[in-house]
Amino acid sequence: MTVEGAGAEPGAARLPSRLARLLSALFYGTCSFLIVLVNKALLTTYGFPSPIVLGIGQMAATIMILYVSKLNKIIHFPDFDKKIPVKLFPLPLLYVGNHISGLSSTRKLSLPMFTVLRKFTIPLTLLLETLILGKQYSLHIIASVFAIILGAFIAAGSDLAFNLEGYVFVFLNDVFTAANGVYTKQKMDPKELGKYGVLFYNACFMIVPTLIISVSTGDLQQATEFNQWKNVLFIMQFLLSCFLGFLLMYSTVLCSYYNSALTTAVVGAIKNVSVAYIGMLLGGDYIFSVLNFVGLNICTGAQAES
């Protein structure tokens, strides 16, 4: 929460803060919703085989947009010095792990199952905020979180399109997302790197190692040999995904800056409700079963209560 001037009226101090929290949460939820749909279209509908290359595109877009904005004095963040890697650690590692595991799990799972399994981010965030930031939560919130876990287990246990690799990637994504949110909240001191510095240097430090991983695993070669690069609609969606990647990273940092990491995780999960039901109708890779559908709805109801 931001600290207002000492002479301000209490109500005047709270109102902008509430508005900032609400708008940052809405902004994050919208960006998160849009990028899941665009990435799903790229990786499943078009069959783009290289989630790491897509992640590199999103990092490159982040670096270019923030650097040009800094040059034009639209935003400010500190110039590079040798203390910055120490100040950021372990955020760059969590950042790239979150990117790659998220894109890989989107490709491997149906949208409904992807969104349900992503809800494990909420209890992980609650646990890490308690351990690292010393936060405490009410019994009501903890009970709601356990109901979300129960619904996710029921849905996962009856998933007729079970994909072990997809499940591994999505659980890794949950861990990376929770840790990234908590450590971002911890390190986002305006007197140090600030919001934009965290974003910019995270992307700078990890784009080259990620490119090396892409080359060594054959991911980059698969991307260059992909047969849709002459398809204008595919290229437009690829560029849109890169831009949305920047917006998602920015909105995540903004939401964590004005709210708690747990709030950011819950907003992301609320967004997943609409994604899950859209995925059932339009995704093409969801296999209906009664138990699975019940589990999905338990998650949704518990989420609304939390």
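Up top is the structure.
Counting restarts for each chain, with residues numbered from 1 along the sequence as it is written. The model is predicted, so local features are restricted to residues of pLDDT at least 70 and side-chain atom pairs to those at 80 or more, both for listing and for counting; the totals for chains, interfaces and linings are taken over all residues. Calculation of side-chain values draws on the structure's entire complement of heavy atoms; hydrogens and water are dropped beforehand.

*Asks:* Got a minute to help me understand the overall build of the chain in this structure?
*Replies:* For the chain, the helix and strand inventory stands at 13 helices and zero strands. In this text, helices come from DSSP runs of H or I with a minimum length of four residues, and strands from runs of E with a minimum of two, each type numbered from the N-terminal end. Reading the chain from its N terminus to its C terminus gives the helix and strand order α-α-α-α-α-α-α-α-α-α-α-α-α. Think of it in three bands: with a 1.4 Å probe and only protein chains considered, a residue is buried below 20% of the maximum accessible area for its type, exposed above 50%, and partly exposed in between. Looking at the 306 residues of the chain, the share that counts as buried comes to 51%. Two residues form a contact once any of their heavy atoms are found within 4.5 Å. Of the contacts formed within the chain by residues at least 6 apart in sequence, a portion of 86% connects residues at least 24 apart. We get accessible surface area from the Shrake-Rupley algorithm with a probe of 1.4 Å; when it comes to residues, only the shown protein chains can shield them. On the chain, roughly 14700 Å² of surface is accessible, and the fraction owed to carbon and sulfur atoms is 70%.

*Asks:* Please clarify how unusual backbone geometry should be interpreted in this entry.
*Replies:* Glycine aside, negative phi is the norm for most residues, and most peptide bonds take the trans geometry. Here the residue pair Phe-89 and Pro-90 is connected by a cis peptide bond, since its omega of 5° sits within 30 degrees of zero. Tracing the backbone through its elements, the reader meets Pro-90 in the loop between helix H3 (84-88) and helix H4 (91-108). For Lys-73, which is not a glycine, the phi torsion comes out positive at approximately 60°.

*Asks:* Teacher, can you tell me more about the side chain of Ser-256 here?
*Replies:* Along the chain, Ser-256 falls in helix H11 (residues 232-258). A relative accessible area of 1% means that Ser-256 is categorised as buried. The definition of a polar contact used here is a pair of N or O atoms within 3.5 Å, where within protein one atom must be able to donate a hydrogen and the other to accept one, and adjacent residues in sequence count solely through side-chain atom pairs. A distance of 3.4 Å separates polar atoms of two side chains, one belonging to Ser-256 and the other to Thr-264. If near-sequence neighbours (up to four positions away) are discounted, Ser-256 is found in contact with Gly-181, Lys-185, Met-188 and Thr-264.

*Asks:* Hey, could you run me through the packing of aromatic side chains in this one?
*Replies:* Given two aromatic rings, one states the distance between the centres and the angle between the planes to describe the pair. In this scheme Phe, Tyr and Trp rings, the latter by its six-membered ring, pair at centre separations within 6.5 Å, and the angle between planes marks the pair as stacked below 30 degrees, edge-to-face above 60, and tilted otherwise. This structure, assessed with the given rule, holds 23 aromatic pairs. On the basis of an interplanar angle of 20° and a centroid distance of 6.4 Å, the ring pair of Tyr-67 and Phe-200 is categorised as stacked. With a gap of 133 residues between them, Tyr-67 in helix H2 (residues 51-71) and Phe-200 in helix H9 (residues 194-217) connect regions that are remote in the sequence. Residue classification places Phe-200 among the buried positions, given a relative accessible area of 9%. Three or more aromatic residues link up through ring pairs in this structure, and these residues are Tyr-46, Phe-48, Phe-226, Trp-229, Phe-234 and Phe-238. Placement of a positive charge over a ring is assigned whenever Lys NZ or Arg CZ falls within 6 Å of the ring centre and within 35 degrees of the normal to the ring plane. When the ring centre of Phe-77 is taken as origin, the NZ or CZ atom of Lys-70, which lies over that ring, is 4.7 Å away.

*Asks:* I keep staring at the nonpolar core and nothing clicks. Help me out?
*Replies:* A general feature of soluble globular proteins is that nonpolar side chains tend to end up buried together. In these notes, a set of buried Ala, Val, Leu, Ile, Met, Phe, Trp, Tyr and Cys residues joined through side-chain atoms within 4.5 Å is what counts as a nonpolar core. Residues Phe-48 and Phe-238 are the most contacted members of the largest nonpolar core, which totals 45 residues. If you list the elements that add at least two residues to this core, you get helix H1 (10-45), H2, H3, H4, H9 and H11. The dominant element in this core, judged by the number of residues it contributes, is H11, at 10 residues. Beyond its immediate sequence surroundings of up to four residues, Phe-238 is in contact with Leu-42, Phe-48, Val-53, Leu-54 and Trp-229. By size, the runner-up hydrophobic cluster in this structure holds 14 residues, among which are Val-36, Ile-122, Tyr-167 and Ala-265.

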